[in-house]
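# Residue-level structure breakdown
Residue-level listing of the chains:
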Amino acid sequence: MTTALYTASAAATGDGRNGHVQTTDGQLDLDVRVPKEMGGAGGATNPEQLFAAGYAACFHSALKVVAGRAKADATDTEVVADVSILPNDEGGFVLAVQLEVTVPNVDQDTARELVEQAHQVCPYSNATRGNIEVTLTVV
């Protein structure tokens, strides 16, 4: 196995989705709550929001890498990740992701190509590929 470049560590305590999460380095220290849309009290972040934030940041970094390799202008790019939780046929739940990517300083074909390349580079995309539906939209 290859040596890890970095390992993040976080702990969840309390009552699962109505509890608390904290990284071991203390950089993230948040209450989590079931959103109102799912019958909870809301008022705090939730695992889907945390996943969306992580995926958006990771994919944006991958986009910047591939744009740099292609010498394409990645100024003012943006990635919005919408993470949905859906019931599955077995009584559990699955996630689905919609990535909306803005690449304003290149033509639409180049933007699509960069987004597809970023999808091959991004660790989140590689982790989710074949496991959950990920839709890419270039806006």
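Residues numbered from 1 in each chain as written. Predicted model: local features only at pLDDT ≥ 70, side-chain atom pairs only at ≥ 80, totals over all residues. Heavy atoms only, no water.

Here we take up the sheet that holds strand 5 (residues 93-102). Read from one edge of the open sheet, 3 strands run 4-5-6, paired in mixed fashion. Of all the strands in the sheet, just strand 4 (78-87) and strand 6 (133-138) have a single pairing partner and so form its edges. If you compare each strand with its neighbour and ignore which way they point, the axes differ by 15° on average. Strand direction decides the pairing type here: strand 5 and strand 6, joined by 6 bridges, are parallel. From the neighbouring strand, Val-101 faces strand 6, where its bridge partner is Val-138. Lying on the sheet, helix 1 (residues 47-69) is in contact with strand 4, strand 5 and strand 6; it crosses strand 4 at an angle near 145°. Its contacts with the sheet put helix 2 (residues 108-121) on strand 5 and strand 6, and the angle it makes with strand 6 is roughly 155°. (Pairing = 2+ DSSP bridges. Helix = DSSP H or I, 4+ residues; strand = E, 2+ residues; numbered from the N terminus. Axes fitted to C-alpha atoms, helices over the stretch in contact; angles between N-to-C directions. Contact = heavy atoms within 4.5 Å.)

Turning next to helix 2. The terminal C-alpha atoms of helix 2 lie 20 Å apart, and with 14 residues this matches the ideal 20 Å at 1.5 Å per residue to within 8%. Every buried residue of helix 2 is listed here: Ala-111, Leu-114, Val-115, Ala-118 and His-119. Looking down the long axis of helix 2, one finds its buried residues gathered within 140° of arc, a one-sided arrangement. In helix 2, the exposed residues that point more than 90 degrees away from the buried face are Asp-109 and Glu-113. Buried residues in helix 2 make contact with helix 1, strand 5, helix 3 (123-128) and strand 6. Of the residues flanking the start of helix 2, the one acting as N-cap is Asp-107, its side-chain oxygen 3.1 Å from the backbone nitrogen of Asp-109. (Expected span 1.5 Å × (residues − 1). Buried < 20%, exposed > 50% of the residue type's maximum accessible area, 1.4 Å probe, protein only. Arc of directions from axis to C-beta. Polar contact = N/O pair within 3.5 Å; in protein donor to acceptor, adjacent residues only side chain to side chain.)

Core analysis: the largest hydrophobic core is formed by 25 residues, its most contacted members being Phe-59, Leu-63, Leu-99, Val-101, Val-103 and Leu-114. Breaking this core down by element, the ones donating at least two residues are helix 1, strand 4, strand 5 and helix 2. Here this core gets 9 residues from one element, more than from any other, and that element is helix 1. (Core = buried A, V, L, I, M, F, W, Y, C linked by side-chain atoms within 4.5 Å.)

So, about the sheet that holds strand 1 (residues 10-15). In space, the 3 strands of this open sheet follow the order 1-2-3, with antiparallel pairing throughout. Lying at the two open borders of the sheet, with one neighbouring strand each, are strand 1 and strand 3 (29-31). Between one strand axis and the next, the sheet turns through 15° on average, direction left out of account. Two strands pair when backbone bridges link them, and strand 1 and strand 2 (residues 18-23) are joined in this way by 6 bridges, in the antiparallel orientation. Across the sheet, Ala-10 pairs through a bridge with Thr-23, a residue of strand 2.

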